[in-house]
Amino acid sequence: TVVRNAVFVKNYKPTDCKILKVALVGPFLQGKINYFGLDMIKFVVQKFPNVEFVFIGPTDKSFRDELQFQNTTFTGQVNNYVEILRSCSVLLAPYPEYAYYLGSKTKFIEAAACHMPIITTPVGNIDFQNDYVCLGKTKEDLVKQMHYLEDENVRKDLGKNLRDEIEKKYNADIEVKKIIKLYKVMKKIISFFLVSYNRLFKYITNKYYDNILSIDTTFTDRLPDNFNGDSHKLSNISYTALVEIYD
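Computed from a predicted model, the values in this text were never measured in an experiment.

Participant: Sorry, what's going on with the side chain of D60 here?
Facilitator: Position of D60 relative to the elements: it lies in the loop between β2 (53-56) and α2 (61-66). No salt bridge is formed by the buried D60, whose closest oppositely charged neighbour, R64, lies at an N-O distance of 6.2 Å. One polar contact links the side chain of D60 to the main-chain amide nitrogen of F63, over a distance of 3.0 Å. In this view, D60 contacts F28, L29, Q30 and Y35; residues no more than four positions away in its chain are not counted.

Participant: Looking at this structure, how should I read the sheet that holds strand β6 (residues 134-135)?
Facilitator: Strand pairs in the sheet, formed through backbone hydrogen bonds, run parallel or antiparallel to each other. Across the sheet, which stays open at both edges, the six strands sit in the order β3-β2-β1-β4-β5-β6 with parallel pairing between neighbours. Where the open sheet ends on each side, the last strands, each with one partner, are β3 (72-76) and β6. Relative to β3, β2 runs parallel, the two being bridged by four bridges. Across the sheet, the residue bridging to V54 is T73, located in β3. Across the sheet, helix α5 (residues 139-148) touches β1 (22-25), β2, β5 (118-120) and β6, and the angle it forms with β5 is around 170°.

Participant: Got a minute to help me understand the packing of aromatic side chains in this structure?
Facilitator: Geometry of an aromatic ring pair is reported as the spacing of the ring centres plus the angle between the planes. Scanning the model with the defined rule gives seven aromatic pairs in all. Seen in terms of ring centroids, Y35 and F36 are 6.4 Å apart; in terms of plane orientation they differ by 80°. Their pairing is edge-to-face. Of the aromatic side chains, those joined through ring pairs into one cluster are F28, Y35, F36, F55, F63 and F74.

Participant: Quick question: what am I supposed to make of the layout of surface pockets here?
Facilitator: Over the atoms rolls a probe the size of a water molecule, and in doing so it shows where empty space is left. Quantified by volume, the largest pocket comes out at close to 170 Å³. Along the wall of the largest pocket there are 13 residues; nearest its centre are T15, C17, H115, R155 and K156. Residues belonging to the lining of the largest pocket are distributed by class as follows: three nonpolar, four polar and six charged.

Participant: Where do I start with empty space enclosed by the protein in this structure?
Facilitator: Taken as a whole and assessed by the stated rule, the structure comprises one cavity of 30 Å³ or more. The volume enclosed by the largest cavity comes to roughly 40 Å³. What lines the largest cavity is L24, V25, F28, N34, I41, L92, A93, P94, Y95 and K107. The set of elements that each furnish at least two residues to the lining of the largest cavity consists of β1 and β4 (90-93). Residue composition of the lining of the largest cavity, grouped by class: eight nonpolar, one polar and one charged.

Participant: How should I be thinking about the nonpolar core in this particular structure?
Facilitator: Among soluble globular proteins, nonpolar side chains are generally buried collectively. Counting residues in hydrophobic clusters, the biggest one holds 29 residues, and the most contacted among them are I56, L85, L91, M116, I118 and I166. Those elements that place two or more of their residues in this core are β1, β2, α3 (81-86), β4, α4 (106-113) and α6 (152-169). Core analysis: the next-biggest nonpolar cluster, separate from the first, contains 27 residues, V44, F63, L92 and V143 among them.

Participant: In this structure, what is going on with the packing of helix α1 (residues 38-47) against α5? I would like to understand it.
Facilitator: Two numbers describe a pair of packed helices, the interaxial angle and the distance between the axes. Between α1 and α5, the least distance of the axes is 9 Å, while the angle of their chain directions is 40°. One element, α1, and the other, α5, form an angle in the oblique class. In this structure, α1 crosses over α5, and the sense of that crossing is right-handed. Counted together, M40, F43, V44 and K47 of α1 and K139, E140, L142, V143 and M146 of α5 form the full contact between these two elements.

Participant: Whenever I open this one, the pattern of salt bridges confuses me. Can you help?
Facilitator: Opposite charge on two side chains lets them pair, provided their charged atoms get close. According to the stated counting rule, one finds nine salt bridges in the structure shown. With its nearest N and O atoms 3.2 Å apart, the salt bridge here joins E83 to R86. Separated by three residues within a single helix, E83 and R86 lie in helix α3, roughly one turn from each other. Given a relative accessible area of 44%, E83 falls into the partly exposed group. Look at the salt bridges and you will find they share partners, linking D16, E83 and R86 into a network.

Participant: Teacher, can you tell me more about the side chain of N34 here?
Facilitator: As for its placement among the helices and strands, N34 is situated in the loop between β1 and α1. Setting aside chain neighbours within four positions, we find N34 in contact with V25, G26, P27, F28, Y95 and K107.

Participant: Please clarify how a nonpolar patch on the surface should be interpreted in this entry.
Facilitator: There is a patch of nonpolar side chains on the surface, built from V185, M186, I189, I190, F192, F193 and L194 and spanning about 700 Å² of accessible area. Note that L194 resides in helix α7 (residues 172-207). On the basis of relative accessible area, L194 is assigned to the exposed category, the value being 54%.

Each value, and the rule that gives it
Residues numbered from 1 in each chain as written. Predicted model: local features only at pLDDT ≥ 70, side-chain atom pairs only at ≥ 80, totals over all residues. Heavy atoms only, no water. Helix = DSSP H or I, 4+ residues; strand = E, 2+ residues; numbered from the N terminus. Buried < 20%, exposed > 50% of the residue type's maximum accessible area, 1.4 Å probe, protein only. Lys, Arg positive; Asp, Glu negative; His and termini not counted. Salt bridge = Lys/Arg side-chain N within 4 Å of Asp/Glu carboxyl O. Polar contact = N/O pair within 3.5 Å; in protein donor to acceptor, adjacent residues only side chain to side chain. Contact = heavy atoms within 4.5 Å. Pairing = 2+ DSSP bridges. Axes fitted to C-alpha atoms, helices over the stretch in contact; angles between N-to-C directions. Phe/Tyr/Trp six-rings, centres within 6.5 Å; stacked < 30°, edge-to-face > 60°. 1 Å grid on protein atoms, 1.4 Å probe; cavity = no way out; pocket = protein on both sides within 12 Å on 5 of 7 lines; lining within 4 Å. Points joined across faces, edges and corners; volume = space filled by probe spheres on them. Nonpolar A, V, L, I, M, F, W, Y, C, P; charged D, E, K, R; others polar. Core = buried A, V, L, I, M, F, W, Y, C linked by side-chain atoms within 4.5 Å. Parallel < 35°, antiparallel > 145°, perpendicular 65-115°, else oblique. Left-handed = near helix turned anticlockwise from the far one by under 90°. Patch = residues over 30% accessible without salt bridge, like charges linked within 9 Å, V, L, I, M, F, W, Y side chains within 5 Å. Areas by Shrake-Rupley, 256 points an atom, 1.4 Å probe, with all protein chains shown as cover.

So yeah, pure geometry; function would need other evidence.
Following this line, the structure appears as structure tokens:
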């Protein structure tokens, strides 16, 4: 069973933005992987002076200083993240080549749940089929994908496909049921091993009872005060003590 990163779909309404307006989700802080897409982001922002780019989340001063253009907005940390996200029509999230195996990008799933097309680099797309995401290996490729998404009908079609994918594969209502099912299976497995361990322990103590008591009087000193010599009561003695004697 595969349990995927997921969202509660009902919490994500479709974007109501009719124009090309781009969201970028941080944090954009030094040392964070989002920061290393700065050169690509800056290139794209400068190529589309009439398109608004909204940077959601914490950003450090050096990042903002590189992107001080009339078409950039920095929200900082927000409490109404989903509403701000869906006020845009596209998610832009370029990643450097060394960003493989960083785990699922939650913001991709969130944007897809809002019917928002996603532009990213090949290493960023670990969640969706390539034909569902607009991929660009270079900054020039990203610009081409931006032009492709200038068509509102294209954005709507891609957004619908992504939303359908979320409802089928990244729906938290479904994934939670998987987790509960796995928990119940693991509970049965653990119970089985505990019962088996208890039976094995009783078997060993019954079979080697006389040997155990004759090996070392220090062991008998560790027996409970109410121990009356019944071998089955040895099952309540520390397993560690038994191992020490046979070690």
